[in-house]
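Analysis of the macromolecular model
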Amino acid sequence: MKNLYQGFTKCLLVQTKFSEFSFWNYLEVCNIVGAKYPAAPLGLLTVAALLPQHWTFRLIDENVEPLLDEHLAWADIVCTGGMLPQQKSMLEFIDRAHDLARLVVVGGPDPSSQPDLYRKADFLVLGEGEITIPMFLADLKNGLTSGVYVSTERADMLVAVVPRYDLIRFRNYIMIGMQFIRGCPFNCEFCDVIELFGRTPRFKSNEQILKELQTLYDLGYRGHIDMVDDNFIGNKKKVKELLREIKKWSAEHKYPFYFTTEASVNLADDDELLQLMQDCDFRYVFLGIETPENDTLALNNKNQNVNRPVTEAVKRILSYGIVCNGGYIIGFDSESERIASNMINSIQSSGISMAMIGLLYALPNTQLTRRLDAEGRLFHLASQTVSDSDIDQMTSGLNFVTLTPRSEIFRNYIKVIDTVYNPAHYYGRVIYTSLNIRPRYRHKPSFGTWLIYMRSFLRVCKEAGFSRSTGYHYWKMFFTIILHNPKGIEVAVNLAAMFIHFRKQKEYIVTATNRTLTGLLNTNEQAFNERMTGRPSSNRGRIGQAG
Ligand code: B12
Ligand code: SF4
């Protein structure tokens, strides 16, 4: 067998499929703007940059194009990696590659969290690739054909490589990812980020980020960059320094990009930071709000959100031209009987249009999972995506014995999703956001892109404006914003476009959850829990008979 390390090795990187029903797969919106999938596979682009650069690479994103046997036949070695919802597609991929006698390398978040599930891969390269890929390459150089590589060390982000952005076709995606920070200083019980990446944020230098921006610029990319950091403002001093540099670079390059990111709600406390973000053209931020109930926040160590009124925070962020999206969770041990109405009120009053509401999921290797396991409440096979309906946290949560009766949680969940994604409520939030936003966008699209925007606008008018369920709301929203805050119209139309996806996705989630609820009501909740945990269940909390 030829030495794969030294030779002109052909390496195929494969991003396996996500479900089209995921909250994050807004394929209808991709269609409208002429893209094929929302986000480019940043993990694999980074892996390609860490592998020997004399190799030849090819990247197939199954969310964009089908993986053919001839792609696999071309390769000497194949790599894949991904997250929990890709577990099933990654495992199928390993089998398919093995059937064609390809050597398979696997890494990324889910294999790192539960490597045993991926044992059949030839090489398991776990944790941060910056540390473990060199270990794997050393073995490959010595002719080994299998191995498992782990490290407790964390990567030094100051030597992180520029991802191989040249391996993708930009027009297939709505946004391209870029990473500044790994790790988060907070300590939320359910979070796996602090387990995977630690609680001390590690940063790339400003020069590294500018180099990545320049690389994208030189490759001809213009438009949307998603800073994929779990908490972009994990160290406010550092992020301000970076933003000052981006502001300067962007001005010198005539603002080729605009940005989105994720941040903790304390972003709203810092006007200087918000101003810098606006100056760099940040347009959307995803806030981890989780729950409107203070006791639950405190019990989950999400202390940074306790006693922090979300409505005010969102209004302040909107005043800097940045739209807030939010993540919410149902199913915490301590949530009140009024959780559904509390959550609906919180979402409606803050005007957060894109609210990702999930069922609490005990992700592998988290404090939550360890506690539930110790309490005998964790389901066995807790984090295996076994069925096609295991899409993301919207359908696959509650992988443990709940304290509130499970059926009650499902009812609350259905009520929240059904209400929040009812057209009148959704468009109400769009109006609120678009009236309160004060955008000062710097990035100006090229003429060609502007034409695509116009075509997309007409498509949204057709899809949303002439639909029986949303037509009235769409035009009411449209004329309200045109009359009262015309600068908010771009945001308004974008959020209306997102509803084309959410409308479909809501139907899917409500139907799937109702099906699960009916199944649960036809059985006995205690018997169900015993089957799922493999242990006799004692009476805890408010657990009762289903129904
Ligand atoms: C950006 C992001 C998203 C984006 C974009 C995803 C995309 N398509 O690219 C969006 C918002 C869509 C998203 C959604 C979800 N996400 Co997400 N996401 C992230 C985030 C914040 C950054 C990912 C990233 O780009 N990192 C930068 C790259 C460079 O790092 P990386 O991918 O980890 O790759 C490195 C290593 O893992 C390794 N590696 C990766 N692949 C491979 C492959 C090989 C062969 C090798 C050798 C090494 C290797 O090397 C790389 C360099 O070190 C991570 C958290 C985090 N900090 O990583 C969560 C994270 C990956 N998401 C997660 C989850 C659970 C989800 C959701 C299910 C629910 C949710 N949290 O919203 C959904 C489902 C998505 C769907 N489409 O169905 C979990 C995964 C947990 C797990 N055990 O699998 C994470 C870890 C955190 C979290 N709890 O949210 N996500
Ligand atoms: S703030 Fe977000 S990333 Fe940080 S620990 Fe909490 S959930 Fe995790």
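Residues numbered from 1 in each chain as written. Chains lettered and ligands numbered in written order. Predicted model: local features only at pLDDT ≥ 70, side-chain atom pairs only at ≥ 80, totals over all residues.

**Some words on the overall build of the chain**
Tallying secondary structure elements over the chain gives 20 helices and 15 strands in all. Principal-axis analysis of the C-alpha atoms gives the chain an extent of 65 × 65 × 45 Å. Contacts in the chain between residues far apart in sequence, at least 24 positions, make up 77% of those at least 6 positions apart. (Helix = DSSP H or I, 4+ residues; strand = E, 2+ residues; numbered from the N terminus. Contact = placed C-beta atoms within 7 Å.)

**Observations regarding the site of ligand 1**
In the region of ligand 1, 40 residues are neighbours, and G43, G81, G107, G108 and G129 sit closest. Where the shell around ligand 1 is concerned, the elements lending two or more residues are α2 (42-50), β4 (77-81), β5 (103-107), α5 (109-113), α6 (129-141) and α7 (193-197). Of the residues forming the shell around ligand 1, the biggest block, five residues, is contributed by α2. Summarising the domain contributions, the shell around ligand 1 has at least three residues from each of domain 1 (10-149) and domain 2 (157-435). (Near = placed C-beta within 6 Å. Domains from an automatic or database assignment.)

**Some points on unusual backbone geometry**
Here the phi dihedral of Y255 falls at roughly 50°; this positive angle occurs in a residue that is not glycine. Structurally, the position occupied by Y255 is in the loop between α9 (236-252) and β12 (257-263). Notably, N301 is not glycine yet its phi reads approximately 65°, a positive angle.

**A look at the domain arrangement of the chain**
Here the chain is partitioned into domain 1 (10-149) and domain 2 (157-435). In this complex, domain 1 contributes 31 residues to the contact, which on the side of domain 2 involves 29 residues. For the side of domain 1 that touches domain 2, the secondary-structure elements that each account for two or more residues are α1 (27-33), β2 (37-39), α2, β3 (56-61), α4 (87-99) and α5. Sorting elements by how many residues they give to the side of domain 1 that touches domain 2 places α2 first, with six residues.

**What to know about the sheet that holds β12**
The strand order across the open sheet formed by seven strands is β2-β8-β11-β12-β13-β14-β15, and the pairing between neighbours is parallel. Either end of the sheet is taken by a strand with one partner, and the two such strands are β2 and β15 (355-359). Neighbouring strand axes in the sheet, compared pairwise and without regard to direction, differ in orientation by 20° on average. Pairing geometry for β12 and strand β13 (residues 282-290), over five bridges, is parallel. Residue T260 lies in a different strand from β13, and its bridge partner there is Y284. (Pairing = 2+ DSSP bridges. Axes fitted to C-alpha atoms, helices over the stretch in contact; angles between N-to-C directions.)

**Observations regarding the sheet that holds β3**
Taken together, the six strands give an open sheet; going across it, the order is β3-β1-β4-β5-β6-β7, and neighbouring strands pair in parallel fashion. The open sheet has two edge strands with one neighbour each: β3 and β7 (147-149). Going from strand to strand, the sheet's axes swing by 20° on average, the running direction of each strand aside. Relative to β4, strand β1 (residues 10-15) runs parallel, the two sharing four bridges. Across the sheet, residue L12 finds its bridge partner in β4, namely V78.

**Quick look at the confidence of the model for the chain**
Across the chain, the average pLDDT comes to 93, with 96% of residues at 70 or higher. Counting interchain partners and residues more than four positions distant, the pLDDT-below-50 stretch residues 542-547 has 19 contacts. (pLDDT = per-residue confidence, 0-100.)

**Quick notes on the site of ligand 2**
With respect to spatial proximity, the complete set of residues near ligand 2 consists of C184, F186, N187, C188, C191, V193, I194, D230, N231, S264 and G288. Split into classes, the residues belonging to the shell around ligand 2 amount to six nonpolar, four polar and one charged. (Nonpolar A, V, L, I, M, F, W, Y, C, P; charged D, E, K, R; others polar.)

**Thoughts on the packing of helix α15 (residues 406-420) against helix α19 (residues 489-521)**
Relative to each other, α15 and α19 sit at 160°, their axes nearing to 10 Å. Of the possible angle classes, the one that applies to α15 and α19 is roughly antiparallel. Every pair of crossing elements has a handedness; the one defined by α15 and α19 is left-handed. Contact residues: α15 offers R406, S407, F410, R411, Y413, I414, I417 and D418, while α19 offers K506, I509, V510, T513, N514, T516, L517, L520 and L521. Looking at the contact of α15 with α19 residue by residue, the classes come out as nine nonpolar, four polar and four charged. (Parallel < 35°, antiparallel > 145°, perpendicular 65-115°, else oblique. Left-handed = near helix turned anticlockwise from the far one by under 90°.)

**Focus: α2**
At 3.6 residues per turn, the α-helix brings residues three or four places apart onto the same side. The buried fraction of α2 is high, at eight of nine residues. Residues of α2 that are buried include every one of G43, L44, L45, T46, V47, A48, A49 and L50, and no others. Where the residues of α2 are buried, they touch β1, β3, β4, β5 and α6. (Buried ≥ 20, exposed ≤ 12 C-beta atoms within 10 Å, placed from the backbone.)

**Some details on the pairing of β5**
Consecutive side chains along a regular strand alternate between the two faces of the sheet. Burial within β5 is extensive, with five of its five residues counted as buried. Burial along β5 is two-sided: L103, V105 and G107 and V104 and V106, pointing in opposite directions, are all buried. The pairing of β4 with β5 spans five bridges and is parallel. Residue pairing for β5: I77 is matched across the bridge by L103. Between the parallel elements β4 and β5, the chain passes through α4 in a crossover that is right-handed. Two strands pair when backbone bridges link them, and β5 and strand β6 (residues 123-125) are joined in this way by two bridges, in the parallel orientation. (Right-handed = clockwise from strand over helix to strand, strands pointing away.)

**Looking at the nonpolar core**
The biggest cluster of nonpolar side chains holds 145 residues, and the ones touching the most others in it are L13, I317 and A496. Excluding residues within four positions of it along the chain, I317 makes contact with L267, A268, L274, V285, I322 and C324. (Core = buried A, V, L, I, M, F, W, Y, C linked by C-beta atoms within 7 Å.)

**Thoughts on the environment of W55**
Here W55 shows up in the loop between α2 and β3. Accessibility expressed as a C-beta count within 10 Å gives 16 for W55, which makes it partly exposed. Separated by 182 residues in sequence, W55 and K237 place their C-alpha atoms 39 Å apart.

**Overview of the packing of helix α13 (residues 339-350) against α15**
Direction vectors running N to C along α13 and α15 enclose 25°, while the axes themselves pass 9 Å from each other. As the angle between them shows, α13 and α15 are arranged roughly parallel. Crossing geometry of α13 relative to α15 is assigned as right-handed. From α13, I339, A340, M343, I344 and I347 reach across to α15, where they touch N412, K415, V416, T419 and V420. Within the contact of α13 with α15, the residues separate by chemical class into seven nonpolar, two polar and one charged.

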